[in-house]
2 protein chains.
Amino acid sequence: MIKASSRKLDLANGRVDLSHGAGGRAMRQLIEGIFHKAFDNDWLRAGNDQSAFVVPSGRMVMTTDGYVVSPLFFPGGNIGTLAVNGTINDIAMAGAVPLYLSASFIIEEGFPLTDLEQIADSMGAASRDAGVPIITGDTKVVERGKADGVFISTAGVGMVPAGLDLRSDAARPRDAVVISGSIGDHGVAVMSKRDNLEFDTAIVSDSAALHRLVADMVAAGGAHIRLMRDPTRGGIAAMLNEIASHSKVGFHIDEEAIPLKPEVAAACEFLGLDPLNVANEGKLVAVVAPEAADAVLEAMRAHPLGLEAALIGYAVADDNCLVQMATSFGGARIVDWLSGEQLPRIC
Amino acid sequence: MIKASSRKLDLANGRVDLSHGAGGRAMRQLIEGIFHKAFDNDWLRAGNDQSAFVVPSGRMVMTTDGYVVSPLFFPGGNIGTLAVNGTINDIAMAGAVPLYLSASFIIEEGFPLTDLEQIADSMGAASRDAGVPIITGDTKVVERGKADGVFISTAGVGMVPAGLDLRSDAARPRDAVVISGSIGDHGVAVMSKRDNLEFDTAIVSDSAALHRLVADMVAAGGAHIRLMRDPTRGGIAAMLNEIASHSKVGFHIDEEAIPLKPEVAAACEFLGLDPLNVANEGKLVAVVAPEAADAVLEAMRAHPLGLEAALIGYAVADDNCLVQMATSFGGARIVDWLSGEQLPRIC
C-alpha cells in the first residue's frame, strides 16, 4: 500500500502526543503498533468501531470499571492487569462465564510509549491467561497535566449458567460467609509504592481472575450460593455492610477466622489502617446456604486461588443490618464502612 | 434503616471529593443521589457489580468509547449526551439494535456536583430518548489536577439483525457513498467555546443517536448496505481513508455534493480547518451497492435525522486506495487523513 506510515512509532524512546488521539494516521499507528499487537485477535484487526460475536440465548451480564490506580506499576501487577482481572471478576461474581472485554484508554500527553506497551502487553497476557479476549477499544489523549499517565475503563460481558441468580439482596439469616483467601494484600502492595509513603514489604498484589474458581464453586454449590462479591475498594467492611443493607440482614464475623498475612497486618498497623477496609483484587466472599457451605469451601480449597479459603461468619436476623465482629481479644465490635476517604486511587 | 447517611449530598453547592470514590458510604450517596436518580432503572437500584438481561441467540456487537471533550458543555450538548449517543452510534454502525449501555466516570476532585448532576441528567434523558438504558457503572475520583473535570467511558451491546454483516472491508468498486447530512457541525460547535478561541456562531453540535435512522436504512437496503460509519474524530477524510485501506478500494467524491452549512464553512475558514477533517457526532456515511442506493437514500430522507441525506460519490478500483475529490473549482485533489494533531479533545 502506498499510504504506509510516513513516521514510525518510536517504541523505545517515543512518547504519546496529542496526534495519537486525533483520529488520523498517528492514532492508527499507535493502536496497531501497541494495542493490536498486545491483544492479538482478529476482532481488533478487522478495524471496525465495534466487534461482533455469536451468543446463545440466555441470561447475560454486563459490567464496567474504571481504573486510576497510582502508581501505575506496583508489586504483583499494574493498571492493565487490574483492568482485565477486575472486570472479569465483576462478571464472575454473578456466577457468569466471562466472554469478551472492551478497553477504553485515556492517556496523558507525554506518557512514555514503553510504559504504554508494557501495560498493554500485561493486559494481553492477562486476557489470554483468562481466555477472555479484548475485542474492541478506544484511545483518547489529553494535554499534559490533564490526566495522570493513563486511565483505563474496561467493560465486559458474560453468560450466566441456567438456574443461577446471584443478587446482593439474597443473603438470609444463618447463611455462611466464606472468603477465598487473605485480605489486604493488594492495598498494601500499592501503598508500599506511593511516593509519599514508600516502605519495604514483601507483599504483592493479589490481582487475579477469579472466574475459574467461581466455576468450581458453582459446580459444587449451585443455587445454594446466594451471592458473591469481590471486596475491592472499601474492603470486606464496605462489602459486608452493602450486602447487609441490600439483603436486610446482619452479619456476625470472627476476626480470628479471617486470613491475614502477618506482613499485611504489620503494614496496616504502620499505616494506621484497618485491614477490613483495605482493597483486594483477587479475593471473593460468598454467602452460601448453610447446607452447602462445606461443599463450597472444599471446592474453593481445591483451587489454586482458594487454598486458604475460610468460613468467617454467618448472616443473622438484624433489622439494623449491622456487621459485628468477634475480635481476637475476646470482645465484639461493630464493623462500619468508612464514611470518608481513606485510600484514594487504590484501583 | 438505622444506618442512613450521616452527611447528605449538597447538590447545590457541594463538590466531588476523594471520599466519593473510596468505596464507602459517601460513594454510595453520590451514586444513588446523582446517577441512580438520573438513569432511573431497576438494574442500577439492585446494587450489584454487574447487571443481567436476557438475550436471544444471534450475533451481538460490543463497543466502547472514552469521552474527554473540552469544554464539557457546548452548544447542542455536553460530554454526557456525547457518551450516550456516541456509543449507541458505534453499535448502530454495525446495523445492530442497541440494547444496553455501561458508564464509567473518572472525576476530578473539586468538580461541582451541580455540573455532575447536569451531565448525568443529560445522559439519562439521552438514554431514555434512545430507549437504551444505562444498566451498570463505576465511579472513580482522582486528586485535583490529575484529571480535567470528568471523563466518561461508555460501552454498549446490541444485536445484529439476521443476514446483516457490515464490515469495514466490504466496500466494492462502483458502490455508492451516501451521507446522512451536513458535516462539521459538532467540531465547530465545540471549538466555538474553547477558551483560547471563543467565537460567535449559531452552530450547535449534531450529537444524536442514529440507531432508528439505521433501522430504516436496513429495512430499505438490507444486505445491499456494505458498511456504515459515523465520521467522528478525523472527520469524513479519516473515515473514507480508513475504509479505503480496509476494503482495498479508492473513493471518488464530489465536494459540491457534500452538505455543509455556510456558517460551518465560514468557521472552518476562520479556523484554518478543512471541514472534511472536522468531527461529527450525529451523521453517518454508508457504502451501498449501486442497485440499492436510491432506496437507501429515500429511506434516509424520510427520517428526521436524514433530511439532507446525499449521494457524495463512489468507490473505485484503486490499488493505492486513494480518496480523491472533485472540487467546487472544477479540479481534483487527494483527500488524505491528517498525519498530526488538529482538534484535540473534540469528543
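Being a predicted model, the structure only gives us computed values, none of them experimental.

S.K.: Lay out the sheet that holds strand β14 (residues 332-334) of chain A in plain terms, naming residues and giving numbers.
M.R.: Residues and elements named next belong to chain A. Pairing is mixed across the open sheet formed by seven strands, whose spatial order is β9-β11-β8-β12-β10-β13-β14. Both outer strands of the open sheet, β9 (225-229) and β14, are each paired with one neighbouring strand and no more. On average, each strand axis in the sheet is inclined to that of its neighbour by 25°, with strand direction left out of account. Summarising the sheet, β9 and strand β11 (residues 285-288) pair through four bridges and their orientation is antiparallel. Opposite I225, over in β11, you have V288 as the bridge partner. The strands that helix α6 (residues 211-221) touches are β9 and β11; relative to β9, the one it contacts most, it runs at about 165°. Strands β8 (176-179), β9, β11 and β12 (310-316) of the sheet are contacted by helix α9 (residues 293-301), whose axis makes an angle of about 5° with β8.

S.K.: Tell me what's going on with the packing of α6 of chain A against α9 of chain A, and back it up with residues and numbers.
M.R.: All names here are of chain A. In contact at an axis separation of 8 Å, α6 and α9 are set at 150° when each is read in the N-to-C sense. In this view, α6 runs roughly antiparallel relative to α9, as classed from their interaxial angle. As α6 packs across α9, the resulting crossing turns out to be right-handed. Contacts between α6 and α9 involve L213, D216, M217, A220 and G221 from the first element and A295, V296, A299 and M300 from the second.

S.K.: Account for the interface of chain A and chain B, with residues named and values stated.
M.R.: The partner chain B presents 88 residues to the 88 residues of chain A that form the contact. When chain A packs against chain B, close to 7300 Å² is buried across both sides, 55% of that on carbon and sulfur atoms. Put simply, R25 of chain A and D336 of chain B hold a salt bridge, and the shortest N to O gap is 3.1 Å. Our count for the chain A to chain B interface comes out at 36 residue pairs in polar contact (both at pLDDT 80 or more).

S.K.: Residue-level account of the packing of aromatic side chains, with values.
M.R.: Tallying each qualifying case throughout the model produces 13 aromatic pairs over all chains. With a centroid separation of 5.3 Å and an interplanar angle of 70°, the aromatic rings of W43 of chain A and Y100 of chain A are classed as edge-to-face. You can see W43 of chain A sitting in helix α2 (residues 42-45) and its partner Y100 of chain A sitting in strand β5 (residues 97-108), a full 57 residues away along the chain. In this structure W43 of chain A comes out as partly exposed when scored by relative accessible area, which is 28%. What links up through ring pairs into an aromatic cluster is the set F35, F39 and F105 of chain A. The ring of Y67 of chain A has K140 of chain B sitting right over it, with the charged end atom 5.5 Å from the ring centre.

S.K.: Tell me about the UniProt feature "domain: PurM-like C-terminal" (unreviewed entry) in chain A, and name the residues and values.
M.R.: The UniProt record marks residues 175-320 of chain A with the feature "domain: PurM-like C-terminal" (unreviewed entry), using the residue numbering of this structure. As annotated, residues 175-320 of chain A has a helix share of 34% and a strand share of 17%, and its two end C-alpha atoms lie 17 Å apart.

S.K.: Describe the pairing of strand β8 (residues 176-179) of chain B, and please don't skip the residues or the numbers.
M.R.: Residue and element names in this part refer to chain B. Burial of β8 is two-sided: the residues A176 and V178 facing one way and the residues V177 and I179 facing the other way are all buried. As defined by bridge partners, β8 adjoins strand β11 (residues 285-288) across four bridges and the pair is classed as antiparallel. By the bridge assignment, I179 is partnered in β11 with V285. Pairing of β8 with strand β12 (residues 310-316) involves four bridges; the strand directions are antiparallel. Looking across to β12, one finds that V178 is bridged to L311.

S.K.: Provide a residue-level description of the domain arrangement of chain A, including the pertinent values.
M.R.: Residue and element names in this part refer to chain A. In terms of domains, chain A is made up of domain 1 (18-160) and domain 2 (176-334). A separation of 27 Å is found between the C-alpha centroids of domain 1 and domain 2. Facing 21 residues of domain 1, the contacting portion of domain 2 comprises 22 residues. Approximately 1700 Å² of surface area, both sides summed, lies buried where domain 1 meets domain 2, with 60% of it carried by carbon and sulfur atoms. It is P75, N89 and M93 that lose the most area in domain 1 upon contact with domain 2, and together they represent 35% of the buried surface on that side. At the surface where domain 1 touches domain 2, the tally comes to nine residue pairs in polar contact (both at pLDDT 80 or more).

S.K.: Break down the sheet that holds β5 of chain A for me, citing the residues and quoting the values.
M.R.: In space, the five strands of this open sheet follow the order β6(A)-β5(A)-β7(A)-β2(A)-β1(B), with mixed pairing throughout. The sheet terminates laterally at β6 (134-142) of chain A together with β1 (51-55) of chain B, the two strands that pair on one side only. Taken pair by pair, the neighbouring strands of this sheet meet at an average axis angle of 20°, ignoring direction. For β5 of chain A and strand β7 (residues 150-160) of chain A, the ladder comprises ten bridges, and the chain directions are antiparallel. Its bridge partner lying in β7 of chain A, V97 of chain A is registered against M159 of chain A. Relative to the sheet, helix α4 (residues 113-130) of chain A contacts β5, β6 and β7 of chain A, its axis offset from that of β7 of chain A by approximately 10°.

S.K.: Describe the pairing of β1 of chain B, naming the residues involved and giving the relevant values.
M.R.: Along any regular strand, the residues point their side chains to alternate faces of the sheet. Only one face of β1 of chain B is buried: it carries S51, F53 and V55 of chain B, and the other face, with A52 and V54 of chain B, is open. The sheet contact formed by strand β2 (residues 58-67) of chain A and β1 of chain B spans five bridges and is antiparallel. Bridging from a neighbouring strand, R59 of chain A pairs with V54 of chain B of β1 of chain B.

S.K.: How would you summarise the state of the cysteines if you had to cite specific residues and measurements?
M.R.: Inspection of the entire model under this criterion finds zero disulfides over all chains. Take C268 of chain A: it sits in no disulfide, and the sulfur closest to it among the cysteines is that of C347 of chain A, at 16 Å.

S.K.: Account for helix α7 (residues 235-247) of chain A, with residues named and values stated.
M.R.: End to end, α7 of chain A covers 18 Å across 13 residues, agreeing with the expected 18 Å (1.5 Å per residue, within 8%). Looking at the residues trailing α7 of chain A, positive phi occurs at K248 of chain A, about 55°.

Thresholds applied
- Residues numbered from 1 in each chain as written.
- Chains lettered and ligands numbered in written order.
- Predicted model: local features only at pLDDT ≥ 70, side-chain atom pairs only at ≥ 80, totals over all residues.
- Heavy atoms only, no water.
- Pairing = 2+ DSSP bridges.
- Helix = DSSP H or I, 4+ residues; strand = E, 2+ residues; numbered from the N terminus.
- Axes fitted to C-alpha atoms, helices over the stretch in contact; angles between N-to-C directions.
- Contact = heavy atoms within 4.5 Å.
- Parallel < 35°, antiparallel > 145°, perpendicular 65-115°, else oblique.
- Left-handed = near helix turned anticlockwise from the far one by under 90°.
- Buried area = accessible area lost by both parts, 1.4 Å probe.
- Salt bridge = Lys/Arg side-chain N within 4 Å of Asp/Glu carboxyl O.
- Polar contact = N/O pair within 3.5 Å; in protein donor to acceptor, adjacent residues only side chain to side chain.
- Phe/Tyr/Trp six-rings, centres within 6.5 Å; stacked < 30°, edge-to-face > 60°.
- Buried < 20%, exposed > 50% of the residue type's maximum accessible area, 1.4 Å probe, protein only.
- Lys NZ or Arg CZ within 6 Å of the ring centre and 35° of its normal.
- UniProt positions renumbered as here; feature names shortened; annotations may be inferred.
- Domains from an automatic or database assignment.
- Disulfide = S-S within 2.5 Å.
- Expected span 1.5 Å × (residues − 1).

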